[in-house]
Amino acid sequence: MTEKFSSAGCIGIFLMSIFLWSSCKNQQKPTAYNKAVIDIDDNNVKPYNPSVFSGFIEHFQDQVYGGIYDPGSPLSDENGFRRDVAEAIRELKIKVVRWPGGCFASGYHWKDGVGKVRKPVPDPVWGITDPNTFGTDEFVKWCRLVGCEPYICTNAGNGTPQEMKEWVEYCNGQSGQYATERKANGNPMPYNIRYWSVGNENWGDHEIGASTPEKWGPLVRESADLMLTVDSTLILAAAATSDKDWTLPLLKAAGEKLKLIAVHGYWLPLWGKNEIPVYADCITRSEEPQKVLNEVIDILKTSGYRGKIKIAFDEWNLRGWHHQGFPRKEPVNPSDTAAIRLIKKRDINKIPCQYTMSDALFSASFLNACLRQSDDVEMTNIAPLVNTRGPLFVYPKGIVKRTTFHTLAMYANLLESNIASTSMTTPDSVRYEKRAIPVVDAIAATDNTKKNWSVVLINRHQEKATTCTVKIGEWLPDGKFDATVLQGDSPDAYNDIDNPDRVKPQNVSILIKNGVVVLPPHSVNIIKLAIKRN
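Draft legend 1. Local environment of the pairing of strand 16 (residues 435–438). Bridge analysis of strand 15 (residues 429–432) against strand 16 gives 4 bridges, and the strand direction is antiparallel. When the sheet's bridge partners are listed, Tyr432 is paired in strand 16 with Arg435. Linkage of strand 15 to strand 16, two consecutive antiparallel strands, is achieved through a turn of 2 residues, within which Glu433 is found at a positive phi near 50 degrees.

Shown next as structure tokens:
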């Protein structure tokens, strides 16, 4: 399936969305309703970790090869890194990137990807052959290029704790066999990689090295013990879930070794059957990440580790990746034509009309939930950063910034450094079948002086504007204020190769009268407010 075919596959949906949106636009004014109230407590603010703006790259489809790394492309630098991709990632101010997986990590042996002589290796997970031209050294070099910290997910599938220890030595060691090997490979100084994870989704039967609660905690402890003997400053995570029957035994066995527990969330599970749900179906899932966070926080409370261990939501996205028939646990036979067809069907992930305003607003709602829980959430990693379901689509001649890209860029570049406690009253809901969520979601961020504010207001209704009262302490903003607004000409608007800027943020002057602002439908609004204090 080529990109052109993918775009053509969206025409029917596109024309229908234009028709429906035209019907709305033909009204004299969008109906303003709801009258939400956002009450911001300017005496209760706390810093958040900028690592909530982080990402994830896996050796899956064209995230690495043909994505961030494309030697021989006229758009790549002397190291094979796509310049346009690196520039876009820098725009997102990504703090940490997790690699090499994902499920891929559970069949990946790091030694295959270092040194001058590297051999292609069949990947048992995704059914392809990895050339191993992009390995640890290339990953670290790319992270330095885009200005983020590397985060390595180790092989707790068909790997061993000893292998994990040796990987730490290669990256962070001053001496020893593997530190010497790193130096011989042209990297004399330790990489000092802080973030490491033991395993990936080892709670699932789909994973190589699928475990049980009774076995998982002791394996994590053994692995952590060995890794920490090389570098005692590591920030260690381990694969966990919001299921107390899995995570409580993990914490009991290995909690004292961990700084993070790693949880994942995809709220449209499209692994086997790809669908393009309507806007309301997508957006009404926006409150579900908060439920996961509440469950994980309760587990940390019960275990006694709340405040000592934080949450890394190190894979998240609205849409699960499409990979029918995979992951697997053995390499695919090259003569297995059925498997080859399934691998080709992953191109379904490229269909551009899947990535609409619902994705943009869901992502904003997800970030709001994590920022509100900044005492407990250390990091979140959009999965992936590039291609598949990622915010940045990369093709041989350029890039397309999907709707979610702009949400992430707005948050990373426009928010102040502290989150304020906020209470919300939102009388009406967006509904789909049995699900209902408040129309408006909001957070407020301020600098250390508490004079300068970034107020994020999301109107999740697909066609109706809404009024919203914003109050900071006793102050009701009044006048015109600078704002950045992300809204499509339709709730189903998307960007593609032919129309890369159909959805993009607009810098506007927004009117607030005695605290009341009108929010356009299906929009993310970040308003800059300055309070004059004596």
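From this point, the discussion proceeds with the structure in view.
Draft legend 2. View of the packing of aromatic side chains. This model, assessed by the stated rule, comprises 27 aromatic pairs. Taking the centre distance of 6.2 Å and the plane angle of 10 degrees together, the rings of Trp110 and Trp167 count as stacked. One end of the pair, Trp110, is in the loop between strand 3 (96–99) and strand 4 (121–122); the other, Trp167, is in helix 5 (residues 161–172), with 57 residues separating them in the sequence. With respect to burial, Trp110 and Trp167 carry one shared label: buried. Ring plane angle 75 degrees and centroid distance 5.8 Å describe the contact between Trp110 and Tyr178, whose orientation is recorded as edge-to-face. Of this pair, Trp110 sits in the loop between strand 3 and strand 4 while Tyr178 sits in helix 6 (residues 177–184), and the two are 68 residues apart along the sequence. Seen from the ring of Phe326, Arg328 lies directly overhead, with NZ or CZ sitting 4.3 Å from the centre.

Draft legend 3. Examining the nonpolar core more closely. In terms of nonpolar packing, the biggest core is built from 145 residues, with Trp196, Leu385, Tyr411 and Leu457 touching the most fellow members. Broken down by element, the residue count for this core peaks at 10 residues, all from helix 12 (residues 357–372). Not counting residues up to four positions away in its chain, the partners in contact with Trp196 are Tyr151, Ile152, Thr154, Trp167, Val168, Cys171, Asn172, Met227, Leu234, Ile235, Leu236 and Ala237.

Draft legend 4. Just the pattern of salt bridges, in detail. Under the counting rule described, the total for this entry stands at 25 salt bridges. Among the ionic pairs, Glu138 bridges to Arg118, the shortest N-O distance being 2.9 Å. Linking Glu138 in helix 4 (residues 136–146) with Arg118 in the loop between strand 3 and strand 4, this pair joins segments that are 20 residues apart in sequence. Overall, the relative accessible area of 16% leaves Glu138 in the buried class. Several salt bridges share partner residues, and in doing so they unite Asp62, Lys344, Asp347 and Lys350 into one network.

What counts and how
Residues numbered from 1 in each chain as written. Predicted model: local features only at pLDDT ≥ 70, side-chain atom pairs only at ≥ 80, totals over all residues. Heavy atoms only, no water. Pairing = 2+ DSSP bridges. Helix = DSSP H or I, 4+ residues; strand = E, 2+ residues; numbered from the N terminus. Phe/Tyr/Trp six-rings, centres within 6.5 Å; stacked < 30°, edge-to-face > 60°. Buried < 20%, exposed > 50% of the residue type's maximum accessible area, 1.4 Å probe, protein only. Lys NZ or Arg CZ within 6 Å of the ring centre and 35° of its normal. Core = buried A, V, L, I, M, F, W, Y, C linked by side-chain atoms within 4.5 Å. Contact = heavy atoms within 4.5 Å. Salt bridge = Lys/Arg side-chain N within 4 Å of Asp/Glu carboxyl O.

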